[in-house]
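Structural characterization, general
Each chain is listed here by its residues.
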Amino acid sequence: MAAAFTCTSLPPLSLRSETKAAASSSLSARRLFAVSPESGGLRILSIVNDSTWDSLVLKADGPVLVDFWAPWCGPCKMIDPLVNELAQQYTGKVKFYKLNTDDSPSTPSQYNVRSIPTIMIFVDGEKKDAIIGAVPKSTLTSSIDKFLQ
């Protein structure tokens, strides 16, 4: 059974064609490559899915930030550069993962993710915070900083 997610703004008009194009791309691979000019180059964000969730997120040492997203979601695309910048800024302090809600619907359903983008922070396998929607970088930074010691 496929879960339904709501984007926090209107989806693009060509939703079906974009979804097919995204599905045919290699985004289901273990890593997503993102270029952020502000961060000075290529940043590699790890992909987590339903089958790797326990080992990568719940059993991780230290804080873990998970970006729940979908290829057709405009606000998800808007905050992607911010997540990339934060991943670089917090290297060695926080693990960053992206979970495509279209490819892995079980985990978002388990955590009651109903709108995307949703960013969740986990510490010692426990959900500590959730931020819904495209928010400013300062909002994400404040949330992350609460869990760093």
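Right, let's walk through the structure included here.

Thresholds applied
- Along each chain, numbering runs from 1 in the same order as the chain's sequence is written.
- Totals for whole chains, interfaces and linings use all residues, but because this is a predicted model, local features are given only for residues with pLDDT of at least 70 and pairs of side-chain atoms are given and counted only at 80 or more.
- Only hydrogens and water are set aside; all other atoms, that is, all heavy atoms of the structure, feed into the side-chain values.
- Secondary structure is summarised from DSSP: a helix means a run of H or I of at least four residues, a strand means a run of E of at least two, and numbering begins at the N terminus for each.
- Only protein chains enter the accessibility calculation, which uses a 1.4 Å probe; a residue whose area is less than 20% of its type maximum is buried, one above 50% is exposed, and one in between is partly exposed.
- Throughout, a residue-residue contact means that at least one pair of heavy atoms, one from each residue, lies within 4.5 Å.
- Using the Shrake-Rupley algorithm and a 1.4 Å probe, accessible areas are obtained, with residue cover drawn only from the displayed protein chains.
- Aromatic rings from Phe, Tyr and Trp, taking only the six-membered ring of Trp, are treated as a pair when their centres fall within 6.5 Å; an angle between ring planes under 30 degrees marks them as stacked, one over 60 as edge-to-face, and anything in between as tilted.
- Only the stretch in contact is used when a helix axis is fitted, and all axes are lines through C-alpha atoms; the angle between N-to-C directions ranges over 0 to 180 degrees.
- Each angle receives one of four descriptions, namely roughly parallel if under 35 degrees, roughly antiparallel if over 145, roughly perpendicular if within 65 to 115, and oblique otherwise.
- By definition, any crossing whose near helix is turned counterclockwise from its far helix by less than a right angle is left-handed, and any crossing with a clockwise turn is right-handed.
- Polar here means any residue outside two lists: the nonpolar Ala, Val, Leu, Ile, Met, Phe, Trp, Tyr, Cys and Pro, and the charged Asp, Glu, Lys and Arg; Gly therefore counts as polar.

From N to C terminus, the protein chain includes five helices and eight strands. For the protein chain, the succession of helices and strands along the chain, N to C, is β-α-β-β-α-β-α-β-α-β-β-β-α. Counting all 149 residues of the protein chain, 45% fall into the buried class. A sequence separation of at least 24 residues applies to 69% of the contacts in the protein chain between residues at least 6 apart. As displayed, the protein chain has an accessible area near 8,000 Å², and 54% of this comes from carbon and sulfur atoms.

Now for the packing of aromatic side chains. Under the counting rule described, the total for this entry stands at four aromatic pairs. Between W53 and F68, the ring centres sit 6.0 Å apart and the planes meet at 45°, which makes this aromatic pair tilted. Of this pair, W53 sits in helix α2 (residues 53-58) while F68 sits in strand β4 (residues 63-69), and the two are 15 residues apart along the sequence. We classify W53 as buried; its relative accessible area is 2%. Aromatic side chains W53 and F122 sit 5.3 Å apart centroid to centroid with 85° between the ring planes, which places their arrangement in the edge-to-face category. Placement of W53 in helix α2 and of F122 in strand β7 (residues 118-123) is noted, with a sequence separation of 69 residues between them. Here W53 and F122 have matching classes, each one buried.

Secondary-structure assignment places A130 in strand β8 (residues 126-132). Given a relative accessible area of 35%, A130 falls into the partly exposed group. Between the alpha carbons of A130 and S143 there is a distance of 8.7 Å; along the sequence they are 13 residues apart.

Turning to the packing of helix α3 (residues 74-89) against helix α5 (residues 137-145), a few remarks are in order. Viewed as axis vectors pointing N to C, α3 and α5 meet at an angle of 40°, and their least axial separation amounts to 10 Å. Between α3 and α5, the crossing angle belongs to the class labelled oblique. Judged by the sense of rotation from one axis to the other, the crossing of α3 with α5 is right-handed. Residues L82, E85, L86 and Q89 of α3 form the contact with α5, whose own contacting residues are K137, L140, T141 and I144. Class assignment for the residues of the contact of α3 with α5 results in four nonpolar, two polar and two charged.

Before going further, it helps to spend a moment on the environment of T101. Within the secondary structure, T101 is located in the loop between β5 (95-100) and α4 (106-110). Taking C-alpha positions, T101 is 5.7 Å from A70, a pair spaced 31 residues apart along the chain.

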